[in-house]
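Structural features, examined
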Amino acid sequence: MTVFKCREDVTGAIIAARVAKGVSWCDVATAVEQSKEWTVAACLGQMAFTSEQAGKIVALFDLDETALPWLQIPPSKGSLSGAPPADPLLYRLHEIVSVFGPAIKELIHEEFGDGIMSAIDFKFEIAREANPAGDRVSLNMSGKFLPYKAF
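Throughout what follows, the structure given in this document is the object of discussion. For clarity, every value in this text was computed on a predicted model and none was experimentally measured.

Focus: the overall build of the chain
- Within the chain one finds six helices and two strands.
- For the chain, the sequential pattern of α-helices and β-strands runs α-α-α-α-α-α-β-β.
- Over its C-alpha atoms, taken along the principal directions, the chain stretches across nearly 50 × 45 × 30 Å.
- Expressed as a percentage of its 151 residues, the buried residues of the chain come to 26%.
- A separation threshold of at least 6 residues defines the contact pool for the chain, and within that pool the share at least 24 residues apart is 56%.
- Per element, the accessible surface of the chain, about 10,000 Å² overall, is 59% carbon and sulfur.
- If you average the places of the 14 positive and of the 19 negative side-chain charges in the chain, the two averages end up 3 Å apart.

Examining the environment of Cys43
- Relative to the helices and strands, Cys43 is located in helix 3 (residues 36–43).
- What makes Cys43 buried here is its relative accessible area of 0%.
- For Cys43 and Ala54, which are 11 residues apart along the polypeptide, the C-alpha to C-alpha distance reads 9.7 Å.
- Excluding its chain neighbours within four sequence positions, the residues that come into contact with Cys43 are Arg7, Thr11, Ile14, Trp25, Val28, Phe49 and Ile57.

Quick notes on the packing of aromatic side chains
- Using the criterion set out here, one finds three aromatic pairs in the structure.
- Aromatic side chains Trp38 and Phe49 sit 5.6 Å apart centroid to centroid with 90° between the ring planes, which places their arrangement in the edge-to-face category. Taken together, the residues span a long stretch of sequence, with Trp38 in helix 3 and Phe49 in the loop between helix 3 and helix 4 (51–60) at a distance of 11 residues.

Some details on the environment of Asp87
- Along the chain, Asp87 falls in the loop between helix 5 (67–72) and helix 6 (88–112).
- In this structure the side chain of Asp87 is engaged in a polar contact, spanning 3.1 Å, whose partner is the backbone nitrogen of Leu89.

Notes on the pairing of strand 2 (residues 136–147)
- As judged from the 11 bridges shared by strand 1 (residues 115–129) and strand 2, these two strands associate in the antiparallel manner. The partner of Glu125 across the bridge, within strand 2, is Asn140.
- Hairpin remark: strand 1 followed by strand 2, antiparallel, with six residues in the connecting loop; positive phi at Gly134, about 125°.

Some remarks on helix 1 (residues 7–21)
- In this model helix 1 runs 21 Å from its N-terminal to its C-terminal C-alpha over 15 residues, within 8% of the 21 Å that 1.5 Å per residue would give.
- Those residues of helix 1 that sit buried are Arg7, Val10, Thr11, Ala13, Ile14, Ala17 and Arg18. Along the axis of helix 1, the buried positions cluster into a sector of 165°, meaning they face one direction only. Away from its buried face by more than 90 degrees, helix 1 exposes Glu8, Val19 and Ala20.
- Looking one or two residues past helix 1, Gly22 carries a phi angle of roughly 70°, positive in sign.

A word on the nonpolar core
- Counting residues in each nonpolar core, the largest one holds 26 residues, and the members touching the most others are Ile14, Phe49, Ile57, Leu63 and Leu71.
- Elements supplying a minimum of two residues to this core: helix 1, helix 2 (25–32), helix 3, helix 4, helix 5 and helix 6.

Reading guide: rules and limits
- Along each chain, residue indices are assigned from 1 in the same order as the chain's sequence is written.
- With pLDDT at 70 or above as the cut-off, local features in this predicted model cover only qualifying residues; side-chain atom pairs require 80 or more to be listed or tallied, and sums for whole chains, interfaces and linings still use all residues.
- With hydrogens and water excluded, all non-hydrogen atoms of the structure serve as input to the side-chain values.
- What counts as a helix is a DSSP run of H or I of at least four residues, what counts as a strand is a run of E of at least two, and both are numbered from the N terminus.
- Per-residue accessibility, obtained with a 1.4 Å probe over protein chains only, is compared with the maximum for each type, and a residue is labelled buried under 20%, exposed over 50%, and partly exposed between these values.
- Residues are treated as being in contact if the distance between any of their heavy atoms lies within 4.5 Å.
- Residue-level accessible areas treat just the shown protein chains as cover; the underlying method is Shrake-Rupley with a 1.4 Å probe.
- The convention is simple: Lys and Arg are positive, Asp and Glu are negative, and His and the chain ends are not counted.
- For this purpose, a charge sits on NZ of Lys, CZ of Arg, CG of Asp or CD of Glu.
- Centres within 6.5 Å make a pair out of two Phe, Tyr or Trp rings, where for Trp the six-membered ring is used; the pair is then stacked when the planes are under 30 degrees apart, edge-to-face when over 60, and tilted otherwise.
- Any pair of nitrogen or oxygen atoms within 3.5 Å is treated as a polar contact; in protein, a donor-acceptor pairing is required on top of that, and neighbouring residues in sequence qualify only through side-chain atoms on both sides.
- Two strands pair under a simple rule: DSSP has to find at least two bridges between them.
- The span one expects for a helix is its residue count, reduced by one, times 1.5 Å.
- Picture the helix axis, draw a direction to every C-beta atom, and the arc is the one those directions span.
- We call a set of buried residues a nonpolar core when its members are Ala, Val, Leu, Ile, Met, Phe, Trp, Tyr or Cys and they connect through side-chain atoms within 4.5 Å of each other.

Pasting the structure below:
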């Protein structure tokens, strides 16, 4: 088994094992009892697993136990390069994509295949969600799936 010396190595091993075993992200999420969106972000190194969840990931992907602490440490979040916008609202949207973008990409590819979400055939809605702890912003984005074509 591989002895892990950094979080990036654990992430690579998870991706390789998931592909080799044919495990879906939904199956991984069920195993750790979290949403698939959060689980993928955690598997890609953007969230920290609890001790129990880390143990389940190690068992599911047959990883060496040296992966356990790497799965539980608070990560350095954000995987996109380049300077973020200065405007606070735009910065938070950039932060969301930086942290969750790779997970969103993985889930779209798993569900639809190799392709992209159109920003041309696209719509979005912004809504207020009443919440006793403070109103929430709901963003709903919907874009046509465009598969890549072989040529």
